[in-house]
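One-letter residues, chain by chain:
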Amino acid sequence: MLSVVTLRLASLPNLQLKMSGFPPPPAGTAAWSTGLCGCFSDCKSCWPAFFCPCVVVGQVAETVDRGNTSCGLAGAIYCGLMHIGPCLLPWIYSCSYRSKLRAAYGLPEEPCADGCVHLCCEPCALSQMYRELKNRGVDPAAGWGVNSQKMTSAPVPMQDMKR
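All values derive from a computational prediction rather than experimental measurement.

What's the story with the pattern of salt bridges in this structure? I'm lost.
A side chain of one charge can pair with a side chain of the opposite charge when the charged atoms of the two come close. Tallied over the entire structure, the rule returns six salt bridges. With a closest N to O distance of 2.9 Å, Arg102 and Asp114 form a salt bridge. Residue Arg102 is found in helix H5 (residues 88-105), and its partner Asp114 is found in helix H6 (residues 114-120); the two are separated by twelve residues along the sequence. As far as the burial class goes, Arg102 and Asp114 line up, both buried. Taken together, the salt bridges that share partners define one network made up of Arg98, Arg102, Glu109 and Asp114.

The following block contains the structure:
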């Protein structure tokens, strides 16, 4: 006898709600999984955020925008803003994705306003956003295509075990 086991990704409930068209949870109803200065808890997200932020911004943007913005495009925009615009332009751009991430998961605006967080410590803010996605079961480095397949994977048929 065959039974169907539905693969449940318990760490993705909020993203699944967002994906299926339900309204996002109210702001401030969840907590960030790591603090702003939690960079050293995950060095794999810390180093790129400090030394190549355009890659991290691109990966986070593609994931948060659900594939509507490609990693390359978002990274190129950020890099261009870093090199041709006033100092505030890249921070404003990355701050917009922090706001979208907070809205998707109902996260509070802490430790201060999003703009202040990115202005005062851009690498820490980027690293925190990357870690938040990873801790919720979404791998920004894998790209939107892989993550969307994980969330919409079909049930896997399995045989019952009999003695």
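Before we go on, may I ask you to explain the side chain of His118 in this structure?
Counting through the fold element by element, His118 comes out in helix H6. Residue His118 is classed as buried on the basis of its relative accessible area, which comes to 0%. Only 3.0 Å separates the side chain of His118 from the side chain of Ser94, close enough to count as a polar contact.

Please clarify how the packing of aromatic side chains should be interpreted in this entry.
Any aromatic ring pair is given by two values, namely how distant the centres are and how the planes are angled relative to each other. Inspection of every chain in the model, using the stated rule, returns two aromatic pairs. Seen from their ring centres, Trp47 and Phe51 are 5.3 Å apart, and the 10 degrees between their planes marks the pair as stacked. With Trp47 and Phe51 both in helix H2 (residues 43-51) and four residues apart, the pair spans about one turn of that helix. With a relative accessible area of 63%, Phe51 lands in the exposed category. Ring centres 5.4 Å apart and planes at 80 degrees place the aromatic pair Tyr93 and Tyr97 in the edge-to-face group. Taken together, the residues Tyr93 and Tyr97, both in helix H5 and four residues apart, mark about one turn of the helix. Under the relative-accessibility criterion, Tyr93 is labelled buried at 16%. One cation-aromatic arrangement involves Arg136 over Tyr105; the distance from NZ or CZ to the ring centre is 4.3 Å.

Sorry if this is basic, but what is going on with a nonpolar patch on the surface here?
A cluster of nonpolar side chains, namely Leu88, Leu89, Ile92 and Leu119, defines an oily patch on the protein surface of about 350 Å² accessible area. Element by element, the count of residues in the nonpolar patch is highest for H5, at three residues. Taking the relative accessible area as the measure of exposure, Leu119 reaches 41% and is therefore partly exposed.

Sorry if this is basic, but what is going on with the packing of helix H3 (residues 53-64) against helix H7 (residues 122-135) here?
When two helices pack together, their arrangement is given by the angle between the helix axes and the distance between those axes. Two elements in contact, H3 and H7, have axes separated by 10 Å at closest approach and are oriented at 40 degrees. In this view, H3 runs oblique relative to H7, as classed from their interaxial angle. Here the hand of the crossing between H3 and H7 comes out left-handed. Within the contact between the two elements, H3 uses Pro53, Val56, Val57, Gln59, Val60, Thr63 and Val64 and H7 uses Leu126, Met129, Tyr130 and Leu133. Class assignment for the residues of the contact of H3 with H7 results in nine nonpolar, two polar and no charged.

Thresholds, definitions, all that
- Residues numbered from 1 in each chain as written.
- Predicted model: local features only at pLDDT ≥ 70, side-chain atom pairs only at ≥ 80, totals over all residues.
- Heavy atoms only, no water.
- Salt bridge = Lys/Arg side-chain N within 4 Å of Asp/Glu carboxyl O.
- Helix = DSSP H or I, 4+ residues; strand = E, 2+ residues; numbered from the N terminus.
- Buried < 20%, exposed > 50% of the residue type's maximum accessible area, 1.4 Å probe, protein only.
- Polar contact = N/O pair within 3.5 Å; in protein donor to acceptor, adjacent residues only side chain to side chain.
- Phe/Tyr/Trp six-rings, centres within 6.5 Å; stacked < 30°, edge-to-face > 60°.
- Lys NZ or Arg CZ within 6 Å of the ring centre and 35° of its normal.
- Patch = residues over 30% accessible without salt bridge, like charges linked within 9 Å, V, L, I, M, F, W, Y side chains within 5 Å.
- Areas by Shrake-Rupley, 256 points an atom, 1.4 Å probe, with all protein chains shown as cover.
- Axes fitted to C-alpha atoms, helices over the stretch in contact; angles between N-to-C directions.
- Parallel < 35°, antiparallel > 145°, perpendicular 65-115°, else oblique.
- Left-handed = near helix turned anticlockwise from the far one by under 90°.
- Contact = heavy atoms within 4.5 Å.
- Nonpolar A, V, L, I, M, F, W, Y, C, P; charged D, E, K, R; others polar.

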